[in-house]
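# Architecture at a glance
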Amino acid sequence: MDKHGKRKAADGLGAETRLRDLYRRTYPLRTLGMGLGLLPVAMVLQEREAGIVAWGWAFSCGLAWPHLARWLAARSRDPYHAELQNLVMDSALAASLAPLMHFSLLPSVMLLSVTTADKISSGVRRLWRRSLLPMLGALLLSGLLNGFRVDINTSMNTLLACLPTMVIHTLAVAASSYQLVRRVQAQNLQLDKLSRVDSLTGLGSRAHWQAMASGLLQQPQERPATLLLVDVDRFKDTNDRHGHAVGDDLLRAIASCILSTLPAGGHAGRLGGDEFVVALPLAPAEAARVAETLLAQVQALEFPRTPGLRASISIGLAAPPSGTTNLRAWLEAADRALYLAKANGRGRVQVFTAEAADG
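Description of the structure in this document. Everything numeric here is computed off the predicted structure, so don't read it as measured data. (Residues numbered from 1 in each chain as written. Predicted model: local features only at pLDDT ≥ 70, side-chain atom pairs only at ≥ 80, totals over all residues. Heavy atoms only, no water.)

Quick look at the overall build of the chain now. Along its length, the chain carries 13 helices and five strands. When burial is assessed residue by residue, the chain has 40% of its 359 residues classed as buried. (Helix = DSSP H or I, 4+ residues; strand = E, 2+ residues; numbered from the N terminus. Buried < 20%, exposed > 50% of the residue type's maximum accessible area, 1.4 Å probe, protein only.)

On to the pairing of strand 4 (residues 313-318), then. The side chains of a regular strand alternate between the sheet's two faces. Judged by how many residues are buried, strand 4 sits mostly within the fold: six of six residues are covered. Here strand 1 (residues 226-232) pairs with strand 4 via six bridges, running antiparallel. When the sheet's bridge partners are listed, Leu-228 is paired in strand 4 with Leu-317. Pairing of strand 4 with strand 5 (residues 349-351), which is carried by three bridges, proceeds in the parallel orientation. Residue Gly-316 lies in a different strand from strand 5, and its bridge partner there is Gln-350. Crossover handedness for the path strand 4 to helix 12 (residues 327-343) to strand 5: left-handed. (Pairing = 2+ DSSP bridges. Right-handed = clockwise from strand over helix to strand, strands pointing away.)

Where helix 4 (residues 79-100) meets helix 6 (residues 127-146), the closest approach of the two axes is 7 Å, and the angle between their N-to-C directions is 35 degrees. Seen from above, helix 4 lies across helix 6 with right-handed handedness. Taken together, the residues of helix 6 that come into contact with helix 4 (itself represented by Leu-84, Leu-87, Val-88, Ser-91, Ala-92, Ala-95, Ser-96, Pro-99 and Leu-100) are Leu-127, Arg-130, Ser-131, Pro-134, Met-135, Ala-138, Leu-139, Ser-142, Gly-143 and Asn-146. Of the residues assigned to the contact of helix 4 with helix 6, the class counts are 12 nonpolar, six polar and one charged. (Axes fitted to C-alpha atoms, helices over the stretch in contact; angles between N-to-C directions. Left-handed = near helix turned anticlockwise from the far one by under 90°. Contact = heavy atoms within 4.5 Å. Nonpolar A, V, L, I, M, F, W, Y, C, P; charged D, E, K, R; others polar.)

Once that is clear, we can look at the side chain of Asp-274. Looking at where Asp-274 falls in the secondary structure, it is placed in the loop between strand 2 (267-272) and strand 3 (275-280). One buried charged side chain, Asp-274, makes no salt bridge at all; its nearest oppositely charged neighbour is Lys-342, positioned 5.8 Å away. Not counting residues up to four positions away in its chain, the partners in contact with Asp-274 are Val-230, Asp-231, Val-232, Phe-235 and Leu-251. (Lys, Arg positive; Asp, Glu negative; His and termini not counted. Salt bridge = Lys/Arg side-chain N within 4 Å of Asp/Glu carboxyl O.)

Tallied over the full model, the rule gives nine salt bridges. Between Asp-151 and Arg-48 there is a salt bridge, with its nearest N and O atoms 3.7 Å apart. Here Asp-151 is found in the loop between helix 6 and helix 7 (156-196), whereas its partner Arg-48 is found in helix 2 (residues 22-48), with 103 residues between them in sequence. Here the salt bridges do not stand alone but share partners, grouping Arg-30, Glu-83 and Asp-90 into one network.

The subject of this paragraph is the nonpolar core. The biggest cluster of nonpolar side chains holds 34 residues, and the ones touching the most others in it are Ile-254, Phe-276, Ile-313 and Ile-315. Residue assignment for this core shows that the elements contributing at least two residues are strand 1, helix 10 (244-261), strand 3, helix 11 (284-299) and strand 4. Considering every element that reaches this core, the biggest residue donor is helix 10, with eight residues. Counting 19 residues, the second-largest nonpolar core is a separate cluster that includes Leu-38, Ala-58, Cys-61 and Ala-69. (Core = buried A, V, L, I, M, F, W, Y, C linked by side-chain atoms within 4.5 Å.)

Glancing now at the environment of Ala-333. Along the chain, Ala-333 turns up in helix 12. Measuring from C-alpha to C-alpha, the distance between Ala-333 and Leu-229 comes to 9.6 Å, with 104 residues separating the pair along the chain. Ignoring any residue separated from it by four or fewer positions in sequence, one finds Ala-333 in contact with Ala-318, Pro-321 and Phe-352.

Structurally, Leu-200 is set in the loop between helix 7 and helix 8 (206-217). For Leu-200, a relative accessible area of 14% puts it in the buried group. Separated by 55 residues in the primary sequence, Leu-200 and Ala-255 place their C-alpha atoms 9.3 Å from one another.

In this section: helix 3 (residues 52-75). Because each turn of an α-helix spans 3.6 residues, side chains separated by three or four positions in sequence point in the same direction. At Ala-64, helix 3 shows its strongest bend, of approximately 55 degrees, with the proline Pro-66 following within four residues. Every buried residue of helix 3 is accounted for by Ala-54, Ala-58, Cys-61, Gly-62, Trp-65, Pro-66, Ala-69 and Ala-73. As for helix 3, its buried residues are in contact with helix 2 and helix 4. (Bend = angle between axes of the 7 residues up to and from the residue.)

Hydrogen bonds along the backbone pair up the strands of a sheet, which may run parallel or antiparallel. Strands sit in the order 2-3-1-4-5 across an open sheet of five strands; the sheet is mixed. Each edge of the open sheet is held by one strand with a lone partner, namely strand 2 and strand 5. With strand direction ignored, the average angle separating the axes of adjacent strands in the sheet is 20 degrees. Where strand 1 lies against strand 3, six bridges are found, and the strand directions are antiparallel. Directly across from Leu-229, in strand 3, lies its bridge partner Val-277. Sitting on the sheet, helix 10 touches strand 1, strand 2, strand 3 and strand 4, and the angle it makes with strand 3 is about 10 degrees.

Attention now moves to a nonpolar patch on the surface. Together, Met-156, Leu-159, Leu-160, Leu-163, Met-166, Val-167, Ile-168 and Leu-171 make up a nonpolar patch on the protein surface, roughly 710 Å² of accessible area in all. For Leu-160, a relative accessible area of 46% puts it in the partly exposed group. (Patch = residues over 30% accessible without salt bridge, like charges linked within 9 Å, V, L, I, M, F, W, Y side chains within 5 Å. Areas by Shrake-Rupley, 256 points an atom, 1.4 Å probe, with all protein chains shown as cover.)

Below, the discussion takes up the pairing of strand 3. Of all six residues making up strand 3, five are buried, and the element is well covered by its neighbours. With five bridges joining them, strand 2 and strand 3 adopt antiparallel strand pairing. Following the sheet pairing, Arg-270 is matched in strand 3 by Phe-276. Hairpin connection between strand 2 and strand 3: a loop of two residues separates the two successive antiparallel strands, and Gly-273 in this loop has a positive phi of roughly 60 degrees.

An ideal rise of 1.5 Å per residue puts 32 Å on 22 residues; helix 4 measures up with 32 Å between its terminal C-alpha atoms. Taken from the residues just after helix 4, His-102 is the one with a positive phi, measuring 55 degrees. (Expected span 1.5 Å × (residues − 1).)

Here's what the structure looks like:
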């Protein structure tokens with residue numbers, strides 16, 4: 001499997017692991033939220049002089065359920081979907097507490113809104129909608145069992161008991177969401193880098209280099225520009241004789257030489273295989289000196305693990321064809337110069353001219 005395939009497999013495995021571990025990431029927030037939510041419920045139950053059944057149910061929801069939910073998800077064959085069911089159950093349990101409090105306004109609204117917000121912040125599509133029907137069913141069932149007695153007044157003590165949930169739980173969810181956003185941003189930066197950089201050589205990817213070279217080509221015609229097309233001599237023989245791992249070492253070493261000789265404003269990329277390309281904001285004569293320096297550096301390369309390996313490249317140079325801003329035409333001119341460098345013995349620099357091309 002190539003590196004791209006391994007990366008995709010690793011990303012897929014990582015995504016699967018994150019899904020399976022959802023219950024582990026949810027557990028601390030559920031424990032915190034349900035525990036803090038128990039405070040205003042207990043305050044209202046005390047004020048209402050509730051019976052032991054109401055107290056038992058409230059403590060089961062606030063203290064026992066978070067641990068039971070984790071246990072159920074951990075033992076499930078599909079922990080992710082089990083945790084989604086647990087999240088829906090969170091909403092149902094929160095709704096069942098409202099009738100116990102005789103629908104005391106602030107704690108009832110707080111519990112229902114916080115649990116719904118949790119579904120939205122989970123990032124699971126339509127989860128909050130899936131929670132609405134179980135939430136309504138639990139509210140109706142609990143209401144029927146408790147007589148639908150309504151007293152929406154909220155005492156100052158109950159209001160104060162709501163503050164920990166409103167502040168601490170909200171900040172905890174925000175912190176968790178922030179960490180998730182930061183991870184996504186880091187992944188996006190990595191993806192952007194992968195799209196711009198060739199993973200083997202560290203040079204620009206083909207698409208990124210083309211964008212940079214096209215920008216250089218669009219500059220006013222009086223500003224010089226030269227294209228260098230670099231090809232590794234007898235690269236197939238190197239692979240056949242020494243193996244593809246050594247071939248990769250050779251490509252990386254040549255790419256390093258290209259980067260070390262690249263002047264300011266230049267753009268280097270890998271076209272594919274053993275072919276590199278460099279766009280320079282220089283006239284052909286100056287670019288030829290850069291190419292000669294690059295040629296000498298490559299020829300001086302040594303490979304301690306493969307003493308018999310000698311590196312050689314051929315380079316074709318071309319200024320943009322007169323009157324064109326077409327990158328393909330520029331590449332074709334450099335390619336013709338490269339062909340002449342190969343035909344004339346390899347390991348040399350060839351500048352494209354109309355006379356040389358005709359010859």
